[in-house]
Amino acid sequence: MNKIAAYFNFSELKTSMRTEVLAGLTTFVSMAYILFVNPSVLGASGMDKGAVFTATALASALGCLLMGLVAKYPIAIAPGLGVNAFFTYSVVIGMGVKWQTALAGVFVASIIFIIITIFKLREMIIDAIPRDMKLAISAGIGFFIAFIGLHGGGLIVANKSTVVGLGSLSVGTTWLTIFGLIVTLILMARKVPGGIFIGMVLTSILGLVTGLIKMPTSIVSAAPSLKPTFGVALFHISDINSLQLIIVVLTFLLVTFFDTAGTLVGLAEQAGFMKNNKMPRVGKALMADSTSMLVGSVLGTSPTSAYVESSAGIAVGGRSGMSAVVTGILFILGLFFSPLLNVVTDQVTAPALIIVGVLMAESLKQISWERFEIAVPAFLTVIGMPLTYSISDGIALGFISYVITMVATKHAKEVHPLMYVLFFVFILFLWILNV
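Residues numbered from 1 in each chain as written. Predicted model: local features only at pLDDT ≥ 70, side-chain atom pairs only at ≥ 80, totals over all residues. Heavy atoms only, no water.

J.: Give a detailed account of the pattern of salt bridges, specifying residues and quantitative values.
T.: One pass over the full model with this rule turns up 3 salt bridges. For Glu-362, the salt bridge is made with Lys-365, and the minimal N-O distance between the two is 3.5 Å. Residue class for Lys-365 comes out exposed when judged on its relative accessible area of 63%. For Arg-371, the salt bridge goes to Glu-414, with nearest N and O atoms at 3.5 Å. Of the two residues, Arg-371 sits in the loop between α17 (346-360) and α18 (372-388) while Glu-414 sits in the loop between α19 (391-408) and α20 (417-434), which places them 43 residues apart along the sequence. The exposure class of Arg-371 is partly exposed, given its relative accessible area of 29%. (Salt bridge = Lys/Arg side-chain N within 4 Å of Asp/Glu carboxyl O. Buried < 20%, exposed > 50% of the residue type's maximum accessible area, 1.4 Å probe, protein only. Helix = DSSP H or I, 4+ residues; strand = E, 2+ residues; numbered from the N terminus.)

Here's what the structure looks like:
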């Protein structure tokens, strides 16, 4: 016990084993929904839900263990919400790309991710993208996730007269979503640890009691086989042979890049780790994330990223990597609860997606709305993602309009050269999508 305390610097960080275990448990409970949400989202692309469940648990466990043991931060890693939606709804369903090829795209993106981490190019890229645009991307993904939740839960439906409209309140499953949303909102408002997860559990119970959800045949079982997805990415790398798929790879890279970088800095600020506006051991933290993303793609899941829900563990006192290690161990134990997959329907996960969207929208307050040349691209990025049902289209609209408005207002010198490169890349991207 003393060796563990010394390795994680408990005394220096003013923490204890009890506090770290509690923090790790709190973080896990707060983000355990990803075990059931990720298979649901990726399952829509045609992937085997059982295999995705196992891949999600293993990739998350690896990411958390690396973050805790190597980077020594109380920050958990798991497949990111938002980028998994991009994988399914934009790439596979929207572009008609096979999920096997999309998975190969994640693998290639993770290789690039590791390379730019090793050569410390991430800081250069972060500096090139305006802070306002990073914030807009984060908020836009939040809006997109919330829209998917509202639609999946039956609250928002297609309407020929008005494009979209309010769902029917005479449908039982819609009321199940409403119940889950109300319960989760109350729990989150009262700052109950694991509010999202508890809300999902209560919604599932109500669904089972009312017969809206079929009762599972068992609760605990062996982990589902990885066979349907394991190694598939490696055998389809050759499929990435067009400009469209190359841009898909770059988009995987960009979305994961911004999500992880923003979350790491935000959590480091919360825990008081930032020194002179820099995050110590950030290279190790980024390597933990990129490694789990690489392994995850081979196992069969979308890109991993740092989780904002780690803030729940930090809030109860988590300050060392031990809490991330605890979270990783709990993900491994979670492997044996796969029968609950059939219980966690779209109506159960919808409130979680909506709430996460709300949390991600917080970055809107930091955007320089008073500057018209910033407000326009930021707004188009945020509104573009849900309305085009595509994260990449939203980013494209924002980046293109950013360069135009900055040049038009004679602020061209403030635009990083890389942004001009991205300007033409995204114009070509939109052209390819439409042609």
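J.: Explain helix α6 (residues 83-94) to me, and be specific about the residues and the numbers.
T.: For α6, spanning 12 residues, the distance from its first C-alpha to its last is only 14 Å, which falls clearly below the expected 16 Å at 1.5 Å a residue. All of the buried residues in α6 are Val-83, Asn-84, Ala-85, Phe-86, Phe-87, Thr-88, Tyr-89, Ser-90, Val-91 and Val-92. (Expected span 1.5 Å × (residues − 1).)

J.: Kindly report on the packing of aromatic side chains, identifying the contributing residues and their values.
T.: A complete count under the given rule lists 12 aromatic pairs for this structure. A ring pair is formed by Phe-36 and Phe-53, whose centres lie 6.0 Å apart and whose planes are at 40°; its orientation type is tilted. On the criterion of sequence distance, the pair formed by Phe-36 in helix α4 (residues 34-43) and Phe-53 in helix α5 (residues 49-71) is long-range, its members being 17 residues apart. Given a relative accessible area of 0%, Phe-53 falls into the buried group. Their ring planes at 40° and their centres at 6.0 Å tell us that Phe-87 and Phe-252 sit as a pair that is tilted. (Phe/Tyr/Trp six-rings, centres within 6.5 Å; stacked < 30°, edge-to-face > 60°.)

J.: Tell me about the environment of Phe-113, residues and numbers included.
T.: Turning to its location among the elements, Phe-113 is positioned in helix α7 (residues 99-118). Separated by 223 residues in the primary sequence, Phe-113 and Phe-336 place their C-alpha atoms 31 Å from one another. Among all residues touching Phe-113, those that are not within four sequence positions of it are Arg-122, Leu-253, Thr-256, Phe-257, Asp-289, Ser-290 and Met-293. (Contact = heavy atoms within 4.5 Å.)

J.: How would you explain the pairing of strand β2 (residues 156-159) if you had to name every residue and give the values?
T.: Sheet topology places β2 next to strand β3 (residues 163-166); 4 bridges connect them, and they run antiparallel. Paired with Val-157 across the two strands is Gly-165, which belongs to β3. The hairpin formed by β2 and β3 contains 3 residues between the paired strands. (Pairing = 2+ DSSP bridges.)

J.: Mind laying out α7, listing which residues take part and the relevant values?
T.: Across its 20 residues, α7 extends 29 Å between first and last C-alpha, which sits within 8% of the 28 Å expected from 1.5 Å per residue. By the criterion of burial, α7 is predominantly enclosed, with 14 of the 20 residues buried. Just downstream of α7, Lys-120 is the residue with a positive phi angle, here 55°.

J.: Tell me about the nonpolar core, and please be specific about residues and values.
T.: Grouped together as the largest cluster of nonpolar side chains are 108 residues, with contacts concentrated most on Tyr-33 and Phe-87. Considering every element that reaches this core, the biggest residue donor is α7, with 10 residues. Leaving out residues up to four positions away in the same chain, Tyr-33 has contacts with Leu-81, Ile-196, Phe-197, Met-200, Tyr-307, Glu-309 and Val-356. Membership of the second largest hydrophobic core comes to 17 residues, among which are Ala-71, Leu-267, Phe-273 and Leu-286. (Core = buried A, V, L, I, M, F, W, Y, C linked by side-chain atoms within 4.5 Å.)

J.: Lay out a nonpolar patch on the surface with the relevant residues and their values.
T.: Where nonpolar side chains cluster on the molecular surface, the patch consists of Ile-111, Ile-115, Ile-118, Phe-119, Leu-121 and Met-124 and spans about 570 Å² of accessible area. Sort the elements by how many residues they give to the nonpolar patch and α7 lands first, with 3 residues. Along the chain, Leu-121 turns up in the loop between α7 and α8 (122-128). (Patch = residues over 30% accessible without salt bridge, like charges linked within 9 Å, V, L, I, M, F, W, Y side chains within 5 Å. Areas by Shrake-Rupley, 256 points an atom, 1.4 Å probe, with all protein chains shown as cover.)

J.: Explain the environment of Leu-380 to me, using residue names and the numbers behind them.
T.: With respect to the helices and strands, the residue Leu-380 is situated in helix α18. Residues Leu-380 and Ala-396 lie 16 residues apart in sequence; the distance between their C-alpha atoms is 9.2 Å.

J.: Lay out the packing of helix α10 (residues 172-189) against helix α11 (residues 195-210) with the relevant residues and their values.
T.: Each pair of packed helices can be summarised by the angle the axes make with each other and by the distance between the axes. Two elements in contact, α10 and α11, have axes separated by 8 Å at closest approach and are oriented at 150°. On the basis of their axis angle, the class for α10 and α11 is roughly antiparallel. Here α10 and α11 pass one another in a crossing that is right-handed. Residues Leu-176, Phe-179, Gly-180, Val-183, Thr-184, Leu-187 and Met-188 of α10 form the contact with α11, whose participating residues are Gly-195, Ile-196, Ile-198, Gly-199, Leu-202, Thr-203, Leu-206 and Gly-207. (Axes fitted to C-alpha atoms, helices over the stretch in contact; angles between N-to-C directions. Parallel < 35°, antiparallel > 145°, perpendicular 65-115°, else oblique. Left-handed = near helix turned anticlockwise from the far one by under 90°.)

J.: Describe the side chain of Thr-101, and please don't skip the residues or the numbers.
T.: Here Thr-101 shows up in helix α7. A relative accessible area of 5% means that Thr-101 is categorised as buried. Setting aside anything within four residues of it in sequence, one finds Thr-101 in contact with His-236, Asp-239 and Leu-245.

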